[in-house]
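A look at the structure
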Amino acid sequence: QVQLVESGGGLVQAGGSLRLSCAASGSIFSSNTMGWYRPAPGKPRELVATITHGGITNYVDSVKGRFTISRDNAKNTVYLQMNSLKPEDTAVYLCNLKYYSGKDYWGQGTQVTVSS
């Protein structure tokens, strides 16, 4: 089993920054991608950013140039540096770990609120 614990959410003014962290514990194998998701209109959630164990990243267009995902494999932790935050970034951000086999795990989420 894998447990994911997020931290770093909060309330920030538009234009501000936050850094989210997600620590994975349990039986972790290296063949995984970790990432962040958030709810989106018309769907349960949208991909915000993902990063493979080898460091290949992917972002939704709306956050490119503002958000940076990174990971520390030794600590099984993924980070999301969020800069130039906008009110539309307000959401519960969910951490995900997905093995290449397709099995995946979710954290409980951390609230990010951006005031205008």
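These figures come from a predicted structure and were not determined experimentally. (Residues numbered from 1 in each chain as written. Predicted model: local features only at pLDDT ≥ 70, side-chain atom pairs only at ≥ 80, totals over all residues. Heavy atoms only, no water.)

Moving on: the overall build of the chain. On a plain count of helices and strands, the chain comes out with 0 helices and 11 strands. Shown N-terminal to C-terminal, the secondary structure of the chain runs as helices and strands in the order β-β-β-β-β-β-β-β-β-β-β. Here the C-alpha radius of gyration of the chain, 13 Å, is about what a compact globule of 116 residues would show, namely 13 Å. The C-alpha extent of the chain, read off along each of the three principal axes, is 40 × 30 × 25 Å. Among the 116 residues that make up the chain, the fraction classed as buried is 42%. (Helix = DSSP H or I, 4+ residues; strand = E, 2+ residues; numbered from the N terminus. Rg over C-alpha atoms; globule rule 2.2 N^0.38 Å. Buried < 20%, exposed > 50% of the residue type's maximum accessible area, 1.4 Å probe, protein only.)

In sheet architecture, strand pairing relies on hydrogen bonds along the backbone and comes in two forms, parallel and antiparallel. Judged by pairing direction, the sheet is antiparallel, and its 4 strands sit side by side in the order β1-β3-β8-β7 without closing on themselves. Across the chains shown, the open sheet's two edge strands, defined by having one partner strand only, are β1 (2-7) and β7 (67-72). In this sheet, adjacent strand axes meet at a mean angle of 15° when their direction is disregarded. Looking at chain direction, strand β3 (residues 18-26) and strand β8 (residues 77-82) are connected through 6 bridges and run antiparallel. Across the sheet, alanine 23 pairs through a bridge with threonine 77, a residue of β8. (Pairing = 2+ DSSP bridges. Axes fitted to C-alpha atoms, helices over the stretch in contact; angles between N-to-C directions.)

This paragraph deals with the side chain of glutamate 6. Mapped onto the elements of the fold, glutamate 6 is located in strand β1. Although glutamate 6 lies buried, it forms no salt bridge, and the closest oppositely charged side chain, arginine 45, sits 9.5 Å away as judged by the N-O distance. Within the structure, the side chain of glutamate 6 is placed 2.9 Å from the backbone nitrogen of cysteine 95, a separation counted as a polar contact. A polar contact is formed between the side chain of glutamate 6 and the backbone nitrogen of glycine 109, at a distance of 2.9 Å. Sequence-distant contacts of glutamate 6, defined by excluding residues within four places in its chain, comprise Ser21, Cys22, Trp36, Tyr93, Leu94, Cys95, Gly107, Gln108, Gly109 and Thr110. (Lys, Arg positive; Asp, Glu negative; His and termini not counted. Salt bridge = Lys/Arg side-chain N within 4 Å of Asp/Glu carboxyl O. Polar contact = N/O pair within 3.5 Å; in protein donor to acceptor, adjacent residues only side chain to side chain. Contact = heavy atoms within 4.5 Å.)

To continue, consider the pairing of strand β5 (residues 43-52). Walk down a regular strand and you will see the side chains alternate between the two sheet faces. When strand β4 (residues 32-40) meets β5, the two strands line up antiparallel, connected through 7 bridges. In the sheet register, tryptophan 36 faces β5, and the bridge partner there is alanine 49. A loop of 2 residues connects β4 with β5, the two strands running antiparallel in sequence, and glycine 42 in this loop sits at a positive phi of about 85°. Relative to strand β6 (residues 57-59), β5 runs antiparallel, the two being bridged by 3 bridges. Its bridge partner lying in β6, alanine 49 is registered against tyrosine 59. Following β5, the chain reverses through 4 residues before pairing antiparallel with β6; glycine 55 in that reversal takes a positive phi of roughly 100°.

Evaluated as defined, the whole model comprises 3 aromatic pairs. Between phenylalanine 29 and tyrosine 99, the aromatic rings sit 6.0 Å apart at their centres with planes inclined by 55°, giving tilted as the arrangement. A residue pair is termed long-range when its members are at least 10 positions apart, and phenylalanine 29 in the loop between β3 and β4 and tyrosine 99 in strand β9 (residues 91-99) qualify at 70 residues. Residue phenylalanine 29 is classed as exposed on the basis of its relative accessible area of 54%. With relative accessibility at 10%, the residue tyrosine 99 sits in the buried group. (Phe/Tyr/Trp six-rings, centres within 6.5 Å; stacked < 30°, edge-to-face > 60°.)

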